[in-house]
Amino acid sequence: MTNEYELALPVPQPLTQAMAAGIDITPSRDTNKYRRGTLSIVGGSETYPGAAALSAAAAQRMGAGYTRVFCDPAARDVIRSFRPSLVVQSWEGREVEEAIHTHSSHPVAWALGSGTTAQDKRAQALVLEALTQVQAPLLLDGGALRVLAGEQGRNAAQIRQQRNKPLVLTPHGGEAARLAEPFSIATDNPAEEAALLARAYEAVVVLKGPDTFISDGIETWVMDLGTPALAKAGTGDVLAGMIGSLLAQGVDPLHAAGLGALLHGQAGREAALRVGEIAVIPEDVIEALPAALRLCF
């Protein structure tokens, strides 16, 4: 790693509702589902179909007009049964390839990796292809971050950097450490780690934890509304769907990441008020999103 990554690291600033007030995602009266944004999710293995289901349901609640999931064929029925309003297709079909290579005139975004593992070779191939081919904003979570940390993933990310295409990464601490290793980035200070990862991958990084740090390498924000209620498997998939939805609605990557993290924290607190901090599950966080949105819009 060169010293340029360590120069003039930004001082973290707190995320506030005032920031959210400057972002308008209220749909116009004459809009339609396509103009409200399409989020395409690649996720949901045979073993972990629920991750993609949670991410997609959160994207719908967050306002995307059209949410579709490309998943393992064995996961389709599970995801469809979770939300019948979702469009669910196999990632083995030609549809996903065509979508990756299509430049839409309507706002779109992609979110890849929720519920995928190192054994999902098809999902890994689609991550590499999306990094180099998708023109729209791209979010990587879960298993997609493992791909990015490898040599092929870093090479694909460099191609994306050269084309100046938006990239958002949403790692937890372990995933961030894996991303940091090839660049010898220290992992003892999450604010600095988020900024250095953002510079290394030329991305917006959302480093999840008790406090969540959001950075594009120039600015760093801290979301300190975290609650132990969110320390449950699946809440990260909810966050990925929320941020992906905002990207699909045309919010710029840094503000989409910040607003998504802020609303995620608020929804976690609202869910804890409803059912108790111990009992909260990711589905409760999704159902609390309308209340969180009312606080900001």
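Rules used throughout
- Residues numbered from 1 in each chain as written.
- Predicted model: local features only at pLDDT ≥ 70, side-chain atom pairs only at ≥ 80, totals over all residues.
- Heavy atoms only, no water.
- Pairing = 2+ DSSP bridges.
- Helix = DSSP H or I, 4+ residues; strand = E, 2+ residues; numbered from the N terminus.
- Contact = heavy atoms within 4.5 Å.
- Axes fitted to C-alpha atoms, helices over the stretch in contact; angles between N-to-C directions.
- Buried < 20%, exposed > 50% of the residue type's maximum accessible area, 1.4 Å probe, protein only.
- Salt bridge = Lys/Arg side-chain N within 4 Å of Asp/Glu carboxyl O.
- Phe/Tyr/Trp six-rings, centres within 6.5 Å; stacked < 30°, edge-to-face > 60°.

Visitor: Hey, could you go over the sheet that holds strand E2 (residues 38–42) for me, with residue numbers and the actual values?
Guide: In spatial order, the strands read E1-E10-E9-E8-E7-E6-E5-E2-E3-E4; together these 10 strands make up an open sheet with mixed pairing. Among the strands making up the open sheet, the edge pair consists of strand E1 (13–14) and strand E4 (87–90). Where strand E8 (residues 204–207) and strand E9 (residues 212–215) come together, 3 bridges link them in antiparallel fashion. Within E9, the residue paired with Leu-207 across the bridge is Phe-213. Across the sheet, helix H2 (residues 49–61) lies against E2 and strand E3 (66–71), angled at about 170° from E3, the strand it touches most.

Visitor: Go over the side chain of Thr-212 with me, naming the residues and quoting the values.
Guide: Within the fold, Thr-212 resides in strand E9. Setting aside anything within four residues of it in sequence, one finds Thr-212 in contact with Val-206, Leu-207, Trp-221, Val-222, Met-223 and Ala-261.

Visitor: Lay out the environment of Gly-276 in plain terms, naming residues and giving numbers.
Guide: Topologically, Gly-276 is positioned in the loop between helix H11 (253–275) and helix H12 (282–287). The class of Gly-276 is partly exposed, set by a relative accessible area of 23%. Spatially, the C-alpha atoms of Gly-276 and Glu-97 are 43 Å apart, while their sequence positions differ by 179 residues.

Visitor: How would you explain the pattern of salt bridges if you had to name every residue and give the values?
Guide: Within this structure, the stated rule accounts for 8 salt bridges. Residue Arg-35 pairs with Asp-30 through a salt bridge whose shortest N-O separation is 3.8 Å. Since its relative accessible area comes to 42%, Arg-35 is described here as partly exposed. With its nearest N and O atoms 3.7 Å apart, the salt bridge here joins Arg-80 to Asp-77.

Visitor: Got a sec to walk through the packing of aromatic side chains? Specific residues and values, please.
Guide: Going through the model one piece at a time under the given rule, you end up with 3 aromatic pairs. Residues Phe-70 and Trp-110 carry aromatic rings whose centres are separated by 6.1 Å and whose planes lie at 10° to one another, so their mutual orientation is stacked. Taken as a pair, Phe-70 in strand E3 and Trp-110 in strand E5 (residues 108–112) lie far apart in primary sequence, 40 residues in all. A relative accessible area of 1% means that Phe-70 is categorised as buried. Where Phe-183 meets Tyr-201, the ring centres are 5.1 Å apart and the plane angle is 75°; that geometry is what we call edge-to-face.

Visitor: Could you give me a rundown of the environment of Met-242, with the residues and numbers involved?
Guide: Note that Met-242 resides in helix H10 (residues 235–248). Classification of Met-242 by relative accessible area gives buried; the value is 0%. When the C-alpha positions of Met-242 and Gly-63 are compared, they lie 8.6 Å apart, and in sequence the two are 179 residues distant. Ignoring anything within four residues of it in the chain, the contact list for Met-242 reads Ala-58, Met-62, Gly-260, Leu-263, His-264 and Leu-289.

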